[in-house]
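# Structural description and commentary
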Amino acid sequence: MAVRAFMKYPGSKQLMMSKLLRHIPRQGDILIECFAGSASVALNTSYKRYILNDSNKDLITLYKLVHHDPEAVIKETKSLFRSETNNPDYYYGIRDAFNLMTCLEDRAIVLLYLSRHGYNGLLRYNSQNQFNTPFGKYKKPYFPEHEIHYFAEKLEHAEFHSLDFSTFINLAASIEGKRDKICVYADPPYLKHDTQSSVFTEYTAQGFKHERHVELDRLLTAKKQHFDRVLLSNHDGHLLRETYKGAQRIVRFKVPRTISAKTKARRPAPEVLIYY
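Quick summary incoming for the structure in this document. (Residues numbered from 1 in each chain as written. Predicted model: local features only at pLDDT ≥ 70, side-chain atom pairs only at ≥ 80, totals over all residues. Heavy atoms only, no water.)

What follows deals with the pairing of strand S1 (residues 27-33). Side-chain direction in a regular strand flips from residue to residue, so the side chains alternate between the two faces of the sheet. Among the 7 residues of S1, 6 are classified as buried, and the element is accordingly described as predominantly covered. Direction of pairing for S1 relative to strand S2 (residues 46-53): parallel, over a ladder of 6 bridges. Along S2, the bridge assignment pairs Ile 30 with Arg 49. In terms of strand pairing, S1 meets strand S4 (residues 182-186) through 4 bridges, oriented parallel. Bridge pairing links Ile 30 to Ile 182 in S4. (Buried < 20%, exposed > 50% of the residue type's maximum accessible area, 1.4 Å probe, protein only. Helix = DSSP H or I, 4+ residues; strand = E, 2+ residues; numbered from the N terminus. Pairing = 2+ DSSP bridges.)

The structure is reproduced here in structure tokens:
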């Protein structure tokens, strides 16, 4: 069974980990993730070094805090997981306070509460960069104390960045030293096909438009010679081939879908893994 991340996160690869690890080497010198998300892939592999990136600064700040002092994070956040904090009024009050905070460390602490109490764990920001995920209506949100400790121990030798993927990939390509066991894994927001209006892709104020997918493909194609293996996950559909033209091989499979307004509507989604 796959190791669980402490963040409840949309698009997490938790449910497809066994399939992913048939392609992503379980061991190596360096694992580089361009869109780390919940960090599930890193948590389920054994590399000497991890370089993890995500454009969500609140998320990366939280990871840095856990990396530095997991006990302090547990102490600060556990009090937010009580029966009296699990209601719409409290949640929306915390959400409003979060959107007014300017201190990244304060925002990071509150983010864990929002992730575990918000709808489906969505970390969604509107065009004004305000967190706007609605209340999740869970009976008793789980406090991931064990998972926080595991994250800190497992990723003791990790680096965390919050950069645009283009800047990050160029940075990763400049790494000196061993390059025979460096794996790059990219898991961008789903490519939204015209017929797939239910596929959620807009997690940030900037969104992730089709042009960004094209840019990502070009960059991975241009930089792949710097790495031993370059892989990318996405949603299957008619735009895939014309968008990810650098693909040398495409592996297709079905994975459970975790984001849907109705639980019964969560049918398996067509996923692809692209080799560069």
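A separate point is the sheet that holds S1. Reading across from one edge, S3-S2-S1-S4-S5-S7-S6 is the order of the 7 strands in this open sheet, with mixed pairing throughout. Since the sheet does not close on itself, it has two edges, and those belong to strand S3 (158-161) and strand S6 (249-255), each with one partner. Strand-to-strand, the axes of this sheet are offset by a mean angle of 20 degrees, without reference to chain direction. Bridge analysis of S6 against strand S7 (residues 269-275) gives 7 bridges, and the strand direction is antiparallel. In the strand pairing of S7, Val 255 is matched with Ala 269. This element, helix H8 (residues 165-173), spans S1, S2 and S3 of the sheet and lies at about 155 degrees to S1. (Axes fitted to C-alpha atoms, helices over the stretch in contact; angles between N-to-C directions. Contact = heavy atoms within 4.5 Å.)

A word on the nonpolar core. Core analysis: the largest hydrophobic core is formed by 57 residues, its most contacted members being Phe 6, Met 7, Ile 24, Tyr 63, Phe 151 and Leu 155. With 7 residues, the top contributor of residues to this core is helix H6 (residues 104-117). Residue contacts for Leu 155: discarding those within four places in its chain leaves Ala 42, Leu 43, Tyr 50, Leu 52, His 67 and Phe 160. One finds Ala 186, Phe 208, Leu 240 and Val 272 within the second-largest nonpolar core, a separate group that totals 29 residues. (Core = buried A, V, L, I, M, F, W, Y, C linked by side-chain atoms within 4.5 Å.)

Coordinates in, geometry out; function isn't part of it.
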